[in-house]
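An overview of the molecular structure
Given next are the chains, with one letter for each unit.
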Amino acid sequence: MELKKIIVIGCAGQIGSELIMELRHLYGNKNVIGNGRKTAPSEKVLESGDFEFFDVTEKNKLFEACKKHQVDCIINMAAILSATGEQNPMLAWNVNMNGLINVLEVARELKVKQVFNPSSIAAFGPSTPQDNTPQETVLKPTSMYGVTKVAGELLADYYVQKYGMDIRGVRYPGIISNETLPGGGTTDYAVAIYYDAIKYGKYTCFLKEDTMLPMMYMPDCLKCTIDLLQADYSKLKHHSDFNVGAFSVTPKLMAESIRKQIPDFTIDYNIDFRQAIADSWPNSIDDSAARAEWGWKPSYDLDAMTADMLKVLGEKLRKR
Ligand code: AKB
């Protein structure tokens, strides 16, 4: 579908901050509007195009911004993640659910052509098969974040059926990146470990060494988001709940991968409440529906990602 004006809600965050720059590159700076609550995104984001400050829970401001810029696509990256969600469940419910219903209602009222709303592996729970977790399976999460992700998938699919809207989304695994730090997630260790490997040569992990989780490197995350945005809607059988996989990793395997580049790197463990969240999530993901319906294919495995992360972060941290 030909999109003309896109707004990225929540683009001060880990994924949004990189996605907006990639979209501006593809669609033109003036055609991709940024949004953040009050945290200033990078200067690069602020200076390269329009930016509107408001909270996704403020429906009127969202409506006015979409109307003013005549957007035909809303990408909703504003969310409270799993760990913060367990510390403040009502905040997670408010931002994730009221934010989403605002996005869907504004899109319906303004006849916005397309909405992208991400889900997460957090939609699964302890009674879901943990290996090669199927596309269609038990969705009984035990975290508030997961509850909002399942409810969000159902709500989005309801708007597809009821109003004939074009709404798309993937169940992101843990995303590993080197530009904007993630915040409040259970998979955040997989980013922090690289920063600490370079800065201190050691890392203390809050998950046990054998905790296997699905992960993805940011270039693949951007590719999968944009590929789904651009996919032929008539070919999609699923809408807002695509499983997408890249590789699965434990803290121990990640440390071994880092040691191939930094032989003296050490890891130790100080387990906290995030272990219970991680234990309720899959080890690996079956993403055959995404592969069949819109051609999803990741590029990075663990070692390729580690080499790139250490190179990019090494240069970035040395400059400081
Ligand atoms: C989190 O850890 O909460 C997120 C996610 C997997 O959705 N990164």
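Residues numbered from 1 in each chain as written. Predicted model: local features only at pLDDT ≥ 70, side-chain atom pairs only at ≥ 80, totals over all residues. Heavy atoms only, no water.

1. With respect to the pattern of salt bridges
All told, the structure shown has 14 salt bridges when counted by the stated rule. For Glu 179, the salt bridge goes to Lys 44, with nearest N and O atoms at 2.9 Å. Here Glu 179 is found in the loop between β9 (174–176) and α7 (189–199), whereas its partner Lys 44 is found in helix α2 (residues 43–48), with 135 residues between them in sequence. Where salt bridges share partners, they join Glu 153, Arg 171 and Asp 241 into one cluster. (Salt bridge = Lys/Arg side-chain N within 4 Å of Asp/Glu carboxyl O. Helix = DSSP H or I, 4+ residues; strand = E, 2+ residues; numbered from the N terminus.)

2. Quick look at the packing of aromatic side chains
Any two aromatic rings considered together are summarised by their centre-to-centre distance and by the angle between their planes. What the rule picks out here adds up to 7 aromatic pairs. Geometrically, the ring pair formed by Tyr 159 and Tyr 163 is tilted, given 5.1 Å between the ring centres and 55 degrees between the ring planes. Of the two residues, Tyr 159 and Tyr 163 both sit in helix α6 (residues 144–163), 4 residues apart, roughly one turn of that helix. A network of ring pairs unites the aromatic residues Tyr 158, Tyr 159 and Tyr 163 as a single cluster. The ring centre of Tyr 163 lies 5.1 Å from the NZ or CZ of Arg 108, which sits over that ring. In this structure, Arg 274 packs its charged tip against the face of Phe 206, placed 3.4 Å from the ring centre. (Phe/Tyr/Trp six-rings, centres within 6.5 Å; stacked < 30°, edge-to-face > 60°. Lys NZ or Arg CZ within 6 Å of the ring centre and 35° of its normal.)

3. Focus on the site of the ligand
Surveying the vicinity of the ligand reveals the residues Leu 81, Ser 82, Ser 120, Ile 121, Tyr 145, Gly 185, Thr 186, Thr 187 and Trp 281. In the model, an oxygen atom of the ligand is placed 2.7 Å from a nitrogen or oxygen of the Tyr 145 side chain. The contact in question runs from an oxygen atom of the ligand to an N or O atom on the backbone of Thr 186, over 2.7 Å. Residue composition of the shell around the ligand, by class: 4 nonpolar, 5 polar and no charged. Residue-level mapping places the shell around the ligand at the junction of two domains, with at least three residues from each of domain 1 (6–174 + 216–243) and domain 2 (177–215 + 248–319). (Near = heavy atom within 4 Å. Polar contact = N/O pair within 3.5 Å; in protein donor to acceptor, adjacent residues only side chain to side chain. Nonpolar A, V, L, I, M, F, W, Y, C, P; charged D, E, K, R; others polar. Domains from an automatic or database assignment.)

4. Quick notes on the packing of helix α3 (residues 59–68) against helix α5 (residues 89–109)
Where α3 contacts α5, the two axes come as close as 10 Å, and the packing angle between them is 40 degrees. Accordingly, the angle class assigned to the pair α3 and α5 is oblique. Here α3 and α5 pass one another in a crossing that is right-handed. In contact with Lys 59, Leu 62, Phe 63 and Cys 66 of α3, α5 contributes Asn 102, Val 103, Glu 105, Val 106 and Glu 109. Residues of the contact of α3 with α5, tallied by class, amount to 5 nonpolar, 1 polar and 3 charged. (Axes fitted to C-alpha atoms, helices over the stretch in contact; angles between N-to-C directions. Parallel < 35°, antiparallel > 145°, perpendicular 65-115°, else oblique. Left-handed = near helix turned anticlockwise from the far one by under 90°. Contact = heavy atoms within 4.5 Å.)

5. Remarks on the sheet that holds strand β4 (residues 73–76)
Across the sheet, 6 strands lie side by side as β3-β2-β1-β4-β5-β7; this open sheet has parallel pairing. Looking at strand neighbours, the two that pair on one side only are β3 (51–53) and β7 (166–168), the edges of this open sheet. Recorded for the sheet is a direction-independent mean angle of 15 degrees between the axes of neighbouring strands. Relative to strand β5 (residues 114–116), β4 is paired through 3 bridges, and the arrangement is parallel. Paired with Ile 74 across the two strands is Val 115, which belongs to β5. Sheet strands touched by α3: β1 (6–9), β3 and β4. Its angle to β1, the strand with the most contacts, is close to 155 degrees. (Pairing = 2+ DSSP bridges.)

6. Quick look at the domain arrangement of the protein
Split by domain assignment, the protein resolves into domain 1 (6–174 + 216–243) and domain 2 (177–215 + 248–319). Contact with domain 1, which involves 43 residues of that partner, is made by 38 residues of domain 2. Together, the buried faces of domain 1 and domain 2 total about 3,500 Å²; carbon and sulfur atoms form 57% of this surface. There are 1 salt bridge connecting domain 1 and domain 2. The tally of links from domain 1 across to domain 2 stands at 24 residue pairs in polar contact (both at pLDDT 80 or more). Residue assignment for the side of domain 1 that touches domain 2 shows that the elements contributing at least two residues are α1 (14–27), α4 (82–87), β11 (213–217), α8 (218–230) and β12 (242–243). Take the side of domain 1 that touches domain 2: its biggest share by element is 7 residues, from α8. Split by residue class, the side of domain 1 that touches domain 2 holds 19 nonpolar, 15 polar and 9 charged. (Buried area = accessible area lost by both parts, 1.4 Å probe.)

7. Re the nonpolar core
Inside soluble globular proteins, nonpolar side chains tend to come together where they are buried. Formed by 36 residues in total, the largest nonpolar core has its most connected members in Ile 176, Tyr 189, Tyr 194, Met 254 and Met 305. Of all the elements in the fold, those that place two or more residues in this core are α7, β10 (202–205), β11, β13 (247–249), α9 (251–259), α10 (274–279) and α12 (302–319). Residues lining this core come from more than one domain, with at least three contributed by each of domain 1 (6–174 + 216–243) and domain 2 (177–215 + 248–319). Filtering out sequence-adjacent residues up to four positions away, Met 254 remains in contact with Ile 176, Tyr 189, Ala 190, Ile 193, Tyr 194, Val 249, Leu 302 and Met 305. Core analysis: the second largest hydrophobic core is formed by 33 residues, Phe 51, Ile 175, Cys 224 and Leu 229 among them. (Core = buried A, V, L, I, M, F, W, Y, C linked by side-chain atoms within 4.5 Å. Buried < 20%, exposed > 50% of the residue type's maximum accessible area, 1.4 Å probe, protein only.)

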